[in-house]
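# Analysis of the macromolecular model
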Amino acid sequence: MTRLELPPTPLHAIDLVEVPRLQSPAPQHRIAGRVSLSTAITHPLTAEEAAAGEAEWLSFLTSEASYSDYFLLSLTCAFRPPANGDPFADAAVGVLLESPDEPADRQPIAWSISPKKRSHPVERATTIALSAKLAIVETSLELTPGQGREDLCVIGMGERDSDPEWRIRPTSRHPLIGDETFTLIVKATAGAPVRARVTVAATVKHRRFGLIPYRADLPAALRTIDLRRQS
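Quick summary incoming for the structure in this document. (Residues numbered from 1 in each chain as written. Predicted model: local features only at pLDDT ≥ 70, side-chain atom pairs only at ≥ 80, totals over all residues. Heavy atoms only, no water.)

This part takes up the packing of aromatic side chains. Enumeration according to the criterion identifies three aromatic pairs in this entry. Where phenylalanine 79 meets phenylalanine 88, the ring centres are 5.8 Å apart and the plane angle is 80°; that geometry is what we call edge-to-face. For phenylalanine 79, a relative accessible area of 2% translates into the label buried. Ring centres of tryptophan 166 and phenylalanine 182 lie 5.0 Å apart, and the angle between their planes is 40°; this geometry places the pair in the tilted category. Of this pair, tryptophan 166 sits in strand β12 (residues 165-168) while phenylalanine 182 sits in strand β13 (residues 178-189), and the two are 16 residues apart along the sequence. (Phe/Tyr/Trp six-rings, centres within 6.5 Å; stacked < 30°, edge-to-face > 60°. Buried < 20%, exposed > 50% of the residue type's maximum accessible area, 1.4 Å probe, protein only. Helix = DSSP H or I, 4+ residues; strand = E, 2+ residues; numbered from the N terminus.)

Here it is in structure tokens:
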């Protein structure tokens, strides 16, 4: 198993902008101070790091080095409690991976993502563990006491695709408050440019107006990430 230390990165407050609707005239309402997004961590993985101590996998990665590159991409999103009592009903963080000018069958993909399922909030991650074949090792899933089902609050999807995303929602025990780290291993064509475009969205449960969707107004430095530019 390989453990990679994640350097501390600052969180940047971002505004949420109400998604336009037919019944909602402009200008759209903005919410400030409820969501923050970290500067992304990017790290090109060497064959030794990616192999996680598996000799057979190391041999394969070394032979594949002229065809594929692997990268670690990690970012943290922080959700804060409301000042006016209007809680988050749900949220989503998405990443679109792309290699400009490369054909469709040579676009980068999320080889592995974390978390895939999580039923409880955790502290901001400081290390990432990789097992054989670049699988991100996750903590065990917490089960809801006294219930026969998983009370999930984070679900990741899109592994082996170019557009992974995570959906977060409150549960009966945990409001949608706190920090969550999202990590993926990216597989890309060797030498090709690799970009990641980040989106953040949330639904606010207004006492008067019901469920209102919002999308984050991200500055360019947080919205677009060059994976070949090491942080």
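Still to come is the rest of the account.
Further remarks concern the side chain of glutamate 98. Looking at where glutamate 98 falls in the secondary structure, it is placed in strand β6 (residues 88-98). If we ignore the near neighbours within four places in the chain, the residues touching glutamate 98 are Gln107, Pro108, Pro193, Val194, Arg195 and Arg197. (Contact = heavy atoms within 4.5 Å.)

Attention shifts here to the sheet that holds strand β9 (residues 127-131). Pairing is antiparallel across the open sheet formed by three strands, whose spatial order is β1-β9-β10. At either margin of the open sheet sits one strand with a lone partner, and together these are β1 (2-5) and β10 (135-136). Taken together, the two bridges between β9 and β10 define a ladder with antiparallel strand orientation. Following the sheet pairing, serine 131 is matched in β10 by alanine 135. (Pairing = 2+ DSSP bridges.)

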